[in-house]
Amino acid sequence: QFLPDAPKINAEAWILIDADTGYVIAENNADKTLPPASLAKMMTTYITSKEIEEKRLQEDDLVLISDNAWELGGAKTDGSTMFLSPRSKVSVIDLMHGVIIQSGNDAAIALAEHISGGETAFADNMNFQAEQLGMTNTYYANATGLPAEGMVTTARDLTIIAREIINKHPDYYSIYSKKYFSHNNINQPNRNRLLWRDSSIVGLKTGHTEEAGYCLAASAKRENTRLIAVVMGTRSDEARARETQKLLGYGFRYFETYKLYSAGDVL
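Now for a look at the structure at hand. (Residues numbered from 1 in each chain as written. Predicted model: local features only at pLDDT ≥ 70, side-chain atom pairs only at ≥ 80, totals over all residues. Heavy atoms only, no water.)

### Some details on the overall build of the protein chain
So the rule is basically this: Here a strand is any run of E in DSSP of at least two residues, a helix any run of H or I of at least four, and the numbering for each starts at the N terminus. We compute the radius of gyration from the C-alpha atoms alone; for a globule the expected value is 2.2 Å times N to the 0.38, where N is the number of residues. Any residue under 20% of the maximum accessible area for its type is buried, any over 50% is exposed, and the rest in between are partly exposed; the area is computed with a 1.4 Å probe on protein chains only. Asp and Glu count as negative and Lys and Arg as positive, but His and the ends of the chain are not part of the count. Note that the charge is assigned to NZ on lysines, CZ on arginines, CG on aspartates and CD on glutamates.
Looking only at helices and strands, one finds 9 helices and 9 strands in the protein chain. In terms of C-alpha radius of gyration, the protein chain reaches 18 Å, essentially the compact-globule figure of 18 Å for 267 residues. With respect to the three principal axes, the spread of C-alpha positions in the protein chain is 60 × 45 × 35 Å. Going through the 267 residues of the protein chain one by one, you find that 54% of them count as buried. Mean positive and mean negative side-chain charge positions of the protein chain (27 and 34 charges, respectively) differ by 5 Å.

### A word on the pairing of strand β8 (residues 213-222)
The following threshold applies: Here, any two strands with at least 2 DSSP bridges between them count as paired.
Counting buried residues along β8, 7 of its 10 residues qualify, which places the element largely inside the surrounding structure. Two elements, strand β7 (residues 201-209) and β8, share 8 bridges in a ladder whose sense is antiparallel. In the sheet register, Gly203 faces β8, and the bridge partner there is Ser219. Here β7 folds back onto β8, and the loop between the two strands holds 3 residues. Judged from the 8 bridges that link them, β8 and strand β9 (residues 225-234) form a sheet pairing that is antiparallel. Directly across from Ser219, in β9, lies its bridge partner Ile228.

### Focus on the nonpolar core
Defined as follows: What is meant by a nonpolar core is a set of buried Ala, Val, Leu, Ile, Met, Phe, Trp, Tyr and Cys residues, joined one to another through side-chain atoms within 4.5 Å. Only heavy atoms enter the contact rule, under which two residues are in contact if any of them lie within 4.5 Å.
Counting residues in each nonpolar core, the largest one holds 61 residues, and the members touching the most others are Met42, Met43, Leu95 and Ile161. At 7 residues, helix α4 (residues 105-116) tops the list of elements feeding residues into this core. Leaving out residues up to four positions away in the same chain, Met43 has contacts with Met126, Gln129, Ala130, Leu133, Met135, Tyr140 and Ile161. Ala11, Leu216, Tyr250 and Phe252 belong to the second-largest nonpolar core, a separate cluster that totals 20 residues.

### Comments concerning the environment of Ala112
Assignment of secondary structure puts Ala112 in helix α4. The sequence separation of Ala112 and Thr44 amounts to 68 residues, and the corresponding C-alpha distance is 7.5 Å. Discounting chain neighbours no more than four positions away, the residues touching Ala112 are Gly117, Gly118, Glu119, Phe122 and Ala143.

### Topic: the packing of helix α3 (residues 92-100) against α4
The following threshold applies: Axes, fitted as lines to C-alpha atoms, cover a helix only where it is in contact. Angles between the N-to-C directions of the axes lie from 0 to 180 degrees. Here the word oblique covers every angle except those under 35 degrees (roughly parallel), over 145 (roughly antiparallel) and from 65 to 115 (roughly perpendicular). Working rule for handedness: look at the near helix, and if it is turned counterclockwise from the far one by less than a right angle, call the crossing left-handed; if clockwise, right-handed. Think of it as three bins: nonpolar holds Ala, Val, Leu, Ile, Met, Phe, Trp, Tyr, Cys and Pro, charged holds Asp, Glu, Lys and Arg, and polar takes everything else, Gly as well.
It is at 8 Å that the axes of α3 and α4 come closest, and there the two elements cross at 140 degrees. Put simply, α3 runs oblique to α4. The hand of the α3/α4 crossing is left-handed. Contact residues: Val92, Leu95, Met96, Gly98 and Val99 in α3; Ala107, Ala108, Ala110 and Leu111 in α4. Classifying every residue of the contact of α3 with α4 gives 8 nonpolar, 1 polar and no charged.

### Some remarks on helix α6 (residues 155-168)
Operational definition: Any helix carries an expected span of 1.5 Å times its number of residues minus one.
Its 14 residues place the ends of α6 20 Å apart at the C-alpha level, agreeing with the 20 Å of an ideal helix rising 1.5 Å per residue. Those residues of α6 that sit buried are Ala155, Asp157, Leu158, Thr159, Ile161, Ala162, Glu164, Ile165 and Ile166.

### Some thoughts on the pattern of salt bridges
Defined as follows: Salt bridges are counted wherever a side-chain nitrogen of Lys or Arg sits within 4 Å of a carboxyl oxygen of Asp or Glu.
Tallying each qualifying case throughout the model produces 15 salt bridges. Between Glu27 and Arg156 there is a salt bridge; the shortest N-O distance is 2.6 Å. Residue Glu27 is located in strand β2 (residues 24-28), and its partner Arg156 is located in helix α6; the two are separated by 129 residues in the primary sequence. You can call Glu27 partly exposed: its relative accessible area is 37%. The class of Arg156 is partly exposed, set by a relative accessible area of 24%. Between Glu238 and Arg197 there is a salt bridge, with its nearest N and O atoms 2.7 Å apart. Of this pair, Glu238 sits in helix α9 (residues 237-254) while Arg197 sits in helix α8 (residues 194-197), placing them 41 residues apart in sequence. By sharing partners, the salt bridges in this structure join Arg193, Arg197, Asp237, Glu238 and Arg240 into a single network.

### What to know about the packing of helix α1 (residues 41-53) against α3
Look at α1 against α3: their axes get within 10 Å of each other, and the N-to-C directions meet at 160 degrees. Taken together, α1 and α3 sit at an angle that is classed as roughly antiparallel. Where α1 crosses over α3, the handedness of that crossing is left-handed. Seen from α1, the contacting residues are Lys41, Thr45, Thr48, Ser49 and Ile52; seen from α3, they are Val92, Met96, Val99 and Ile100.

### What to know about the layout of surface pockets
Any empty space left between the atoms is revealed when a probe the size of a water molecule rolls over them. Defined as follows: Of the grid points, spaced at 1 Å and generated over the protein atoms alone, those admitting a 1.4 Å probe that cannot get out make up cavities, while open sets with protein on both sides within 12 Å along at least five of seven lines make up pockets; any residue with an atom within 4 Å of a point is treated as lining. Grid points are joined across faces, edges and corners, and a volume is the space filled by probe spheres set on the points.
Of the voids in this model, the largest pocket is the one considered here, and its volume is about 310 Å³. Around the largest pocket, the lining is made up of 20 residues, and of these Ser38, Ser80, Arg191, His208 and Thr209 lie nearest the centre. If one sorts the elements of the lining of the largest pocket by residue count, β7 sits on top with 4 residues. Across the lining of the largest pocket, the residue classes break down as 4 nonpolar, 11 polar and 5 charged.

Now the structure itself:
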């Protein structure tokens, strides 16, 4: 059967895969190393979910918000923040919401400090996990994705961590589709505008810095097919949403996940 080419996507790098099998449907520059911006936070929340699963952490454990987390990621910075108050105590699960929905730099640093004692040690853990998962072109220098020397990832590597989040931690994956989260009486919308436009979109994460441009790792499900699209280095918030929709539209139009056999079947 003849398949039309993937649409033209205005992004520095992009990829579209089947979330269940990992099959690559279309890609361009998928192995080009680029700054991850806040897409780095997917690894931060992945590690937090893992810590909870392995009983080293509990959802209702209280985390002390350090002056450092506030200085680097709080209300007075120009970046995305959960508006945590310094020296307050906030539960692990609320910080997870703050990292995922509001992309809070303060929340990501607070979790890193709580889990590993400091952000540098946490970044070592991030790199260890990336290596375990086969993210061969990724290097993390912090928990937030704020610009740092040498910090890079690729569109392909981001689909690996996205699949892990979806398939291994379904309970926490549901947070990615929440549209709003409120902390300190400040209600903030999820930065992923596709959640409002398309009911099949269920996550995942937006990112933006001057250097990285506008990035988005998106997952969507229609009937039995779940797709993951990653676009990196688009020019605006609107462009990353539009280009991602083009990719997902193409994927759902021409592909469906179909299970032919199960592992033990006799043929």
